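# Inside the fold
One letter stands for each residue in the lines below.
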Amino acid sequence: MRLVFLGAPGVGKGTQAELIASRFHQPKISTGDILREAVRNKTALGLQAKARLDQGKLVPDEVVVGIVKEKLAEPMSAKGFILDGFPRTIRQAEDLDELLRSRGERLDRVVNFVVPLDAVVRRLTGRRSCSKCQAIFHVETNPPRRDGICDRCGGELVQRSDDKKETVEARLSVYEQQTAPLVDYYRQRDLLSELDGSGRIEAVHQRLMDLLSAKGLA
Ligand code: AP5
Ligand code: MG
């Protein structure tokens, strides 16, 4: 399956991408996770991207397209992948089309997660992520077994620096201006499916599975 998960910050793209990735043994390519890891490791990419992440602004197209190109070239992406948080601009979507065409591939589906704004804000402000493996938790809806400790790897859970209220507002407005136009882009190409992302994580996962199986993908 070659999937793109689209939607505003906090709709649950990363959470559902993780579930699909482990269920189907396919890599999840999350550009946000890759950028945050680069910031933590203070690589050249991280130093370049840090200010933009902290302000909730997008990193330049050519930088993220370069990251995705490298990830898709890895053997584990040969049979399929889930792109989480990429593409995020029309230019990125066009570059992805071109990249896949050059590999003789095409996307199977773009899932647009839709969640009411107030729920998105609650999800973002209560999110905690593992500082080591990036697993995603929520203080109320998806708490770890032990406070502040990752269930999966024992790493420390932290709040993302871009989950502060002002930065969340900036990210939501960047989404509206630069990413929302992708909904029409993929609808025109007959690739778009809307998914109601509200309700419990398990319920959303079941809805997603039903959608994929209705499209003959799962
Ligand atoms: P990125 O990391 O992609 O952030 P985002 O798109 O803002 O999305 P989030 O990760 O915040 O939300 P999500 O939809 O994954 O939700 P999650 O599953 O965590 O990007 C960060 C930054 O990197 C950007 O601002 C930009 O600077 C840069 N960047 C990344 N990609 C780029 C690109 N392509 N181009 C340019 N720049 C790029 O869930 C949220 C919370 O809700 C969690 O706590 C979770 O436990 C909880 N939750 C999930 N589902 C449910 C549910 N059903 N019910 C209750 N709680 C739930
Ligand atoms: Mg995410």
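Going by the structure above, here's the rest.
Here is what the cut-offs are and how they apply
Residues numbered from 1 in each chain as written. Chains lettered and ligands numbered in written order. Predicted model: local features only at pLDDT ≥ 70, side-chain atom pairs only at ≥ 80, totals over all residues. Heavy atoms only, no water. Axes fitted to C-alpha atoms, helices over the stretch in contact; angles between N-to-C directions. Helix = DSSP H or I, 4+ residues; strand = E, 2+ residues; numbered from the N terminus. Parallel < 35°, antiparallel > 145°, perpendicular 65-115°, else oblique. Left-handed = near helix turned anticlockwise from the far one by under 90°. Contact = heavy atoms within 4.5 Å. Nonpolar A, V, L, I, M, F, W, Y, C, P; charged D, E, K, R; others polar. Salt bridge = Lys/Arg side-chain N within 4 Å of Asp/Glu carboxyl O. Buried < 20%, exposed > 50% of the residue type's maximum accessible area, 1.4 Å probe, protein only. Core = buried A, V, L, I, M, F, W, Y, C linked by side-chain atoms within 4.5 Å. Pairing = 2+ DSSP bridges. Near = heavy atom within 4 Å. Polar contact = N/O pair within 3.5 Å; in protein donor to acceptor, adjacent residues only side chain to side chain. Expected span 1.5 Å × (residues − 1). Arc of directions from axis to C-beta.

## Things to note about the packing of helix α2 (residues 31-40) against helix α3 (residues 44-55)
Contact pair α2 / α3: the axes reach a minimum separation of 8 Å and the direction vectors enclose 115°. Classed by the angle they form, the pair α2 and α3 counts as roughly perpendicular. In this structure, the crossing between α2 and α3 has a hand that is left-handed. Residues Leu-35, Arg-36, Ala-38 and Val-39 of α2 form the contact with α3, whose own contacting residues are Leu-45, Gly-46, Ala-49, Lys-50 and Leu-53. Its residues assigned to classes, the contact of α2 with α3 shows six nonpolar, one polar and two charged.

## Concerning the pattern of salt bridges
Taken as a whole and judged by the stated rule, the model has 20 salt bridges. We note a salt bridge from Arg-171 to Asp-162, for which the minimum N-O separation is 3.6 Å. Residue classification places Arg-171 among the buried positions, given a relative accessible area of 10%.

## Thoughts on the nonpolar core
Core analysis: the biggest nonpolar cluster contains 53 residues, and Phe-5, Ile-20, Leu-96, Leu-107 and Tyr-186 have the highest contact counts within it. When neighbours within four sequence positions are excluded, Ile-20 is seen to be in contact with Met-1, Leu-3, Phe-5, His-25, Ile-82, His-205, Leu-208, Met-209 and Leu-212. In terms of nonpolar packing, the next biggest core, distinct from the first, is built from five residues, Cys-130, Ala-135, Cys-150 and Leu-157 among them.

## Let's talk about the sheet that holds strand β7 (residues 157-158)
Sheet strands line up and pair through hydrogen bonds in the backbone, either parallel or antiparallel. Within the open sheet, the three strands sit side by side as β6-β5-β7. Their pairing is antiparallel. Sheet topology places β6 (136-138) and β7 at the edges, where each strand pairs with a single neighbour.

## Focus: the site of ligand 1
Near ligand 1 there are 35 residues, and of these Thr-15, Lys-57, Arg-88, Arg-127 and Arg-171 occur at the shortest range. At 2.8 Å, a backbone N or O of Gly-199 approaches a nitrogen atom of ligand 1. Counting only elements with at least two residues in the shell around ligand 1, the list comes to α1 (13-24), α2, α6 (117-125), β6 and α9 (201-214). Among the elements that line the shell around ligand 1, the one with the most residues is α2, at four residues. Grouping the amino acids of the shell around ligand 1 by side-chain chemistry returns 13 nonpolar, 12 polar and 10 charged.

## A few points about the environment of Ser-173
Its location among the elements puts Ser-173 in helix α7 (residues 165-179). As for Ser-173 and Met-209, which are separated by 36 residues in sequence, their C-alpha atoms are 30 Å apart.

## Description of helix α5 (residues 90-102)
The first and last C-alpha atoms of α5 sit 18 Å apart over 13 residues, in line with the 18 Å expected at 1.5 Å per residue. Listed in full, the buried residues belonging to α5 are Gln-92, Ala-93, Leu-96, Asp-97, Leu-99 and Leu-100. Relative to the axis of α5, the buried residues are bounded by an arc of 165° and lie together on one face. The exposed set on the far side of α5, more than 90 degrees from its buried face, consists of Arg-101 and Ser-102. Here the buried face of α5 lies against β1 (2-6), α4 (61-72), β3 (81-84) and α8 (181-188). Two residues or fewer past α5, Gly-104 is found with a positive phi of approximately 70°.

## Re the packing of α4 against α5
Packing of α4 against α5 leaves a shortest axis separation of 10 Å and a crossing angle of 30°. One finds that α4 runs roughly parallel with respect to α5. Here α4 and α5 pass one another in a crossing that is right-handed. Contacts between α4 and α5 pair Asp-61, Glu-62, Val-64, Val-65, Lys-69 and Leu-72 from the former with Arg-91, Gln-92, Asp-95, Leu-96, Leu-99 and Leu-100 from the latter. Partitioning the contact of α4 with α5 into residue classes produces six nonpolar, one polar and five charged.

## Notes on the sheet that holds β1
Reading across the sheet, the five strands line up as β2-β3-β1-β4-β8 and stay open at both edges, with parallel pairing between neighbours. Strands with a single pairing partner mark the edges of an open sheet, and in this sheet they are β2 (28-30) and β8 (192-196). Neighbouring strand axes in the sheet, compared pairwise and without regard to direction, differ in orientation by 25° on average. Sheet topology note: the strand β4 (residues 109-114)/β8 ladder contains five bridges and is parallel. Along β8, the bridge assignment pairs Val-110 with Leu-192.

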